[in-house]
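Single-letter residue listing:
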Amino acid sequence: MAILPIITVPDPILKTVSAPVEVVDDDLRALMDDMLETMYAAPGIGLAAIQVGKPLRLLVMDLAEEDADPDPQYYINPQITWTSDELTTYNEGCLSVPEQYADIDRPSECKLTYLDYDGKEQALHATGLFATCIQHEMDHLNGIVFIDYLSTLKKNMAVRKVKKLVKEG
Ligand code: GNR
Ligand code: NI
């Protein structure tokens, strides 16, 4: 297991459209385990592979409460098959945009298909924070970061603050 460096804006790597995973094997599971360890250490509730420089359609999440047992989740080649018309606003953050937050509107619910840790096909209906988080992570797979939804002014301010944070360590 290893903690991997997390790429931050404005690194152009984050704009990559990630490629589908071809085979779910032990090498991929090792990457997913490292991603989960990296996410827990950050700490965060989700992490897409591109955030650690791997352009694969793969993400990990854990939405368990702080005092509850861990609930690691792995989503390989996720595809959204339905979204609700109703939207929910959530004050989002991102490990690739540290310490910056903004209200983002997204569909309140969505349905998705994906492969699990064992490469088995799965489907589910996401609501609440789960729906918000999965859509935030799916955006990463398509090269989109939540600040891309903000005005140019707000986006540039966020990028400038992140650059300063990174520079100051
Ligand atoms: O840790 C994270 N918290 C979060 C809060 C609101 C909406 C989305 C997220 S995901 C984020 C981790 C991250 O950057 N995932 O890509
Ligand atoms: Ni993010």
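Look above for the structure.
Computed from a predicted structure; not experimentally measured.

This brings us to the overall build of the protein chain. Secondary structure assignment for the protein chain yields three helices and seven strands. Listed by position from the N terminus, the elements making up the protein chain come as α-β-β-β-β-β-β-β-α-α. Compactness check: the protein chain gives a C-alpha radius of gyration of 15 Å against a globular reference of 15 Å for 169 residues, within 12% of the reference. Taking the principal axes of the C-alpha coordinates as reference, the protein chain spans close to 45 × 40 × 35 Å. The burial tally for the protein chain puts 42% of its 169 residues in the buried class. Contacts in the protein chain between residues far apart in sequence, at least 24 positions, make up 65% of those at least 6 positions apart. Carbon and sulfur atoms provide 52% of the accessible area of the protein chain, an area that totals close to 9300 Å². The protein chain carries 14 positive and 28 negative side-chain charges, and their two centres are separated by 12 Å.

Listed as protein donors to the nickel ion (ligand 2) are Cys-94 (SG), His-136 (NE2) and His-140 (NE2); their distances from the metal cover 2.1 to 2.3 Å. Each donor residue of the nickel ion (ligand 2) lies on one chain, and together they are spaced C-x41-H-x3-H. Of this pair, His-136 and His-140 both sit in helix H2 (residues 128-141), separated by four residues, roughly a single helical turn. This pair shows no difference in class: His-136 is buried, exactly as His-140 is.

Turning next to the side chain of His-140. According to the relative accessible area criterion, His-140 is buried, its value standing at 1%. Ignoring anything within four residues of it in the chain, the contact list for His-140 reads Thr-16, Ala-48, Ile-50, Gln-51, Cys-94 and Val-145.

Spatially, five strands are ordered E1-E2-E3-E6-E7 in an open sheet, and the strand pairing comes out antiparallel. In this open sheet, the two edge strands, each paired with only one partner strand, are strand E1 (46-48) and strand E7 (121-126). The sheet shows a mean angle of 40 degrees between the axes of neighbouring strands, taken without regard to direction. Sitting on the sheet, helix H1 (residues 26-41) touches E1, strand E2 (58-61) and strand E3 (73-83), and the angle it makes with E2 is about 45 degrees. Most of the contacts of H2 go to E2, to which it runs at about 150 degrees, and overall it touches E1, E2, E3, strand E6 (110-115) and E7.

A few words on H2. Its 14 residues give H2 an end-to-end C-alpha distance of 21 Å, which sits within 8% of 20 Å, the value for a rise of 1.5 Å per residue. Among the 14 residues of H2, twelve are classified as buried, and the element is accordingly described as predominantly covered. Taken residue by residue, H2 has Phe-130, Ala-131, Thr-132, Cys-133, Ile-134, Gln-135, His-136, Glu-137, Met-138, Asp-139, His-140 and Leu-141 as its buried positions.

Rules behind the numbers
Residues numbered from 1 in each chain as written. Chains lettered and ligands numbered in written order. Predicted model: local features only at pLDDT ≥ 70, side-chain atom pairs only at ≥ 80, totals over all residues. Heavy atoms only, no water. Helix = DSSP H or I, 4+ residues; strand = E, 2+ residues; numbered from the N terminus. Rg over C-alpha atoms; globule rule 2.2 N^0.38 Å. Buried < 20%, exposed > 50% of the residue type's maximum accessible area, 1.4 Å probe, protein only. Contact = heavy atoms within 4.5 Å. Areas by Shrake-Rupley, 256 points an atom, 1.4 Å probe, with all protein chains shown as cover. Lys, Arg positive; Asp, Glu negative; His and termini not counted. Charge placed at Lys NZ, Arg CZ, Asp CG, Glu CD. Donors = N, O, S within 2.8 Å, 3.2 Å for Na, K, Ca; no water. Pairing = 2+ DSSP bridges. Axes fitted to C-alpha atoms, helices over the stretch in contact; angles between N-to-C directions. Expected span 1.5 Å × (residues − 1).

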